[in-house]
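# Structural features, examined
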Amino acid sequence: MAERPEDLNLPNAVITRIIKEALPDGVNISKEARSAISRAASVFVLYATSCANNFAMKGKRKTLNASDVLSAMEEMEFQRFITPLKEALEAYRREQKGKKEASEQKKKDKDRKTDSEEQDKSRDEDNDEDEERLEEEEQNEEEEVDN
């Protein structure tokens, strides 16, 4: 864990981007205000994490999960964030499922391609052997005709 609260600050670039997205065009923010928002965001994240950790500990787990975070939001009296968080979580899960399915499909396609290439190679080898055998037979026939 960090020893000083300053060590736990969120990256300034991230805070600045979030602030710019939240404010209307043409509205500026002072460095002091940006710093205050950054500290407040860090405190919020720490508090939410601590509350979520309490729910994980009650469940005798060392890993925080989404339900711990949602329960923490409710305990912190941030009920209005629960629905948007659930929606974001579902979107994230759908995205991950789609990525997993795409990865599995890519692996299957690769395996099929490899199998197909092996079959083609095997056919080519068989054809080469057939051609060699035909050439030998033709040579043998020519030798017999010459004799």
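Description of the structure in this document. (Residues numbered from 1 in each chain as written. Predicted model: local features only at pLDDT ≥ 70, side-chain atom pairs only at ≥ 80, totals over all residues. Heavy atoms only, no water.)

### Section: the side chain of Asp68
Along the chain, the position of Asp68 falls in helix H3 (residues 66-75). Among the polar contacts made by the side chain of Asp68, one reaches the main-chain amide nitrogen of Asn65 at a distance of 2.9 Å. In contact with Asp68, not counting residues within four places along its chain, are Ala52, Phe55, Ala56, Arg61 and Thr63. (Helix = DSSP H or I, 4+ residues; strand = E, 2+ residues; numbered from the N terminus. Polar contact = N/O pair within 3.5 Å; in protein donor to acceptor, adjacent residues only side chain to side chain. Contact = heavy atoms within 4.5 Å.)

### Quick word on H3
Three or more residues of H3 are buried, namely Asp68, Leu70, Ala72 and Met73. Looking one or two residues beyond H3, the residue adopting positive phi is Glu77, at roughly 65°. (Buried < 20%, exposed > 50% of the residue type's maximum accessible area, 1.4 Å probe, protein only.)

### Here we look at the packing of helix H2 (residues 31-58) against H3
Orientation of H2 relative to H3, taken along the N-to-C sense of each, is 115°, at an axis distance of 8 Å. Relative to H3, H2 is oriented roughly perpendicular. Where H2 crosses over H3, the handedness of that crossing is right-handed. Contacts from Phe44, Ala48, Cys51, Ala52, Phe55 and Ala56 of H2 reach H3 at Asp68, Val69, Ser71, Ala72, Met73 and Glu75. Within the contact of H2 with H3, the residues separate by chemical class into nine nonpolar, one polar and two charged. (Axes fitted to C-alpha atoms, helices over the stretch in contact; angles between N-to-C directions. Parallel < 35°, antiparallel > 145°, perpendicular 65-115°, else oblique. Left-handed = near helix turned anticlockwise from the far one by under 90°. Nonpolar A, V, L, I, M, F, W, Y, C, P; charged D, E, K, R; others polar.)

### Observations concerning the nonpolar core
Ranked by size, the top nonpolar core spans eight residues in total: Ala48, Cys51, Ala52, Leu70, Ala72, Met73, Met76 and Ile82. Listed by contribution, the elements that provide at least two residues to this core are H2 and H3. The residues touching Ala48, leaving out its near neighbours within four places in the chain, are Ala72, Met73 and Met76. (Core = buried A, V, L, I, M, F, W, Y, C linked by side-chain atoms within 4.5 Å.)

### Topic: the pattern of salt bridges
If you walk through the whole model with that rule in mind, you get four salt bridges. Glu90 is paired through a salt bridge with Arg93; the nearest N and O atoms lie 3.5 Å apart. Remark: Arg93 and Glu90 occur in helix H4 (residues 79-146); sequence separation between them is three residues, near one turn of the helix. Residue Glu90 is classed as partly exposed on the basis of its relative accessible area, which comes to 38%. When its relative accessible area of 44% is taken as the criterion, Arg93 is described as partly exposed. Measuring nitrogen to oxygen at the nearest pair gives 3.3 Å for the salt bridge that ties Lys99 to Glu95. (Salt bridge = Lys/Arg side-chain N within 4 Å of Asp/Glu carboxyl O.)

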